[in-house]
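Each chain, letter by letter, is given below.
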Amino acid sequence: MSDLGRTAALVPAAGRGERLGAGVPKALRSIGGTPILVHAVHALASSRVVDLVVIAAPESELDDVRALFAEQPAGAEVSVVAGGPTRQDSVARALLTLPADVDVVLVHDAARPLVPTELVSAVVAEVRRGAQAVVPALPVTDTIKQVNAAEQVIGTPDRSSLRAVQTPQGFARAALQAAHAAADDESATDDAALVERHGVIVQVIPGHEEAFKITRPLDLVLAEAVLAKRRATRVIG
Ligand code: CTP
Ligand code: MG
C-alpha cells in the first residue's frame, strides 16, 4: 500500500450502553469531565496518522455531537452521520460517506476512549506495510468455557490460542468495503469477523490494557483511575 491515500477512522458511537445502564447514550457519558466520545476522537486525531474521523452517532443526538466538535476542534476533519440499529450497521453507514482518496480505514469503538496514540499509529503502520486487516489483541486471562443453551459446559478451548480483540482495527479500504457489501446479516461485533469470512488474513498485533472497552459500571471507575494516573504522570514528568 502506498502512502498516497488518506487514512480515515470510523467511530461507531450509536449504541445505547444498556450494560452500563445509563439514561444518556454511553458515548456521551463523561469521564474526567469530558464525554467518552471526545476522548476517543482526540486519541485518534492526536496520533497524527488519522486525517479524518467519521462518527456514527445516535440519531437523536446528531446536533449535540456536531456541536461538541465544533466547539473543540479535534485536529482532524470530523463528520457525523446517524448510526443504525447494530454496530455493524453503524460502521456500514459511516463507511458509505468516505471520500474517494481514503485508502486505509480504521474502525474504533467510541467506548474505548483511552486507547494510547501509539496503538493507533502501530495499526496504521502495519496496514501501510501491506497487511489487509490488522487487529490489536491481548491474551485472555480467564479460562473460557463454551456452553449449550442449558448453560452446561460443552468445551474448554486451549487458552493459549485465544485472544481478546480490541480496536482500532485497521483495513485496506477495498477489503473492508467488499466485506461489508457482502455481509448477509448485521450481527458482527467487530469488523475483522467480516473480512475473515472472505478469506482475508487478519494480522494480530499486541494490544494495550488502556484500550479496554467501557461496558459495565466498574469500567468507568477504571477509566477515571487511568485518567488520574495520566494527570499525575504529566505533572511530575
Ligand atoms: N455501537 C453503534 N451502533 C449500535 C451499537 C453499538 O455504533 N447500534 C457502538 C457503541 O456505541 C460502541 C461500540 O459500538 O462504541 C461497541 O459496542 P458496545 O460496547 O456493545 O456498546 P453499546 O451497544 O452502546 O452497549 P450495550 O451493548 O451494553 O448496549
Ligand atoms: Mg452493544
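Thresholds applied
Residues numbered from 1 in each chain as written. Chains lettered and ligands numbered in written order. Predicted model: local features only at pLDDT ≥ 70, side-chain atom pairs only at ≥ 80, totals over all residues. Heavy atoms only, no water. Near = heavy atom within 4 Å. Polar contact = N/O pair within 3.5 Å; in protein donor to acceptor, adjacent residues only side chain to side chain. Areas by Shrake-Rupley, 256 points an atom, 1.4 Å probe, with all protein chains shown as cover. Nonpolar A, V, L, I, M, F, W, Y, C, P; charged D, E, K, R; others polar. Buried < 20%, exposed > 50% of the residue type's maximum accessible area, 1.4 Å probe, protein only. Helix = DSSP H or I, 4+ residues; strand = E, 2+ residues; numbered from the N terminus. Arc of directions from axis to C-beta. Axes fitted to C-alpha atoms, helices over the stretch in contact; angles between N-to-C directions. Parallel < 35°, antiparallel > 145°, perpendicular 65-115°, else oblique. Left-handed = near helix turned anticlockwise from the far one by under 90°. Contact = heavy atoms within 4.5 Å.

### Topic: the site of ligand 1
Around ligand 1 sit 18 residues in total, of which Pro 12, Gly 17, Glu 18, Ser 90 and Lys 213 are the nearest. In this structure, Pro 85 approaches ligand 1 through a main-chain N or O atom, which is 3.2 Å from a nitrogen atom. Note that an oxygen atom of ligand 1 is positioned 3.2 Å from one of the backbone N or O atoms of Ala 111. Burial of ligand 1 by the protein amounts to 86% of the accessible area it has alone, namely 560 Å². Partitioning the shell around ligand 1 into residue classes produces six nonpolar, five polar and seven charged.

### Examining helix α5 (residues 173-182)
For an α-helix, the turn length of 3.6 residues means that residues three or four places apart are oriented alike. Those residues of α5 not exposed but buried are Arg 173, Ala 175, Leu 176, Ala 179 and His 180. One side of α5 carries all its buried residues, which in axial view fall inside an arc of 170°. When the buried face of α5 is taken as reference, the exposed residues oriented beyond 90 degrees from it are Ala 174 and Ala 181.

### Observations concerning unusual backbone geometry
With an omega dihedral of 10°, the bond running from Thr 167 to Pro 168 counts as a cis peptide bond. Note that Pro 168 resides in the loop between β10 (163-165) and β11 (169-172). Of note, the phi angle at Glu 151 is positive, near 60°, even though the residue is not glycine.

### Thoughts on the packing of helix α3 (residues 87-95) against α5
Close contact between α3 and α5 brings their axes to 11 Å; oriented N to C, the two are set at 125°. With respect to α5, the element α3 is oriented oblique. You can see that α3 and α5 cross each other, and the crossing is left-handed. Taken together, the residues of α5 that come into contact with α3 (itself represented by Gln 88, Val 91, Ala 92 and Leu 95) are Leu 176, Gln 177 and His 180. For the contact of α3 with α5, the residue count by class is four nonpolar, three polar and no charged.

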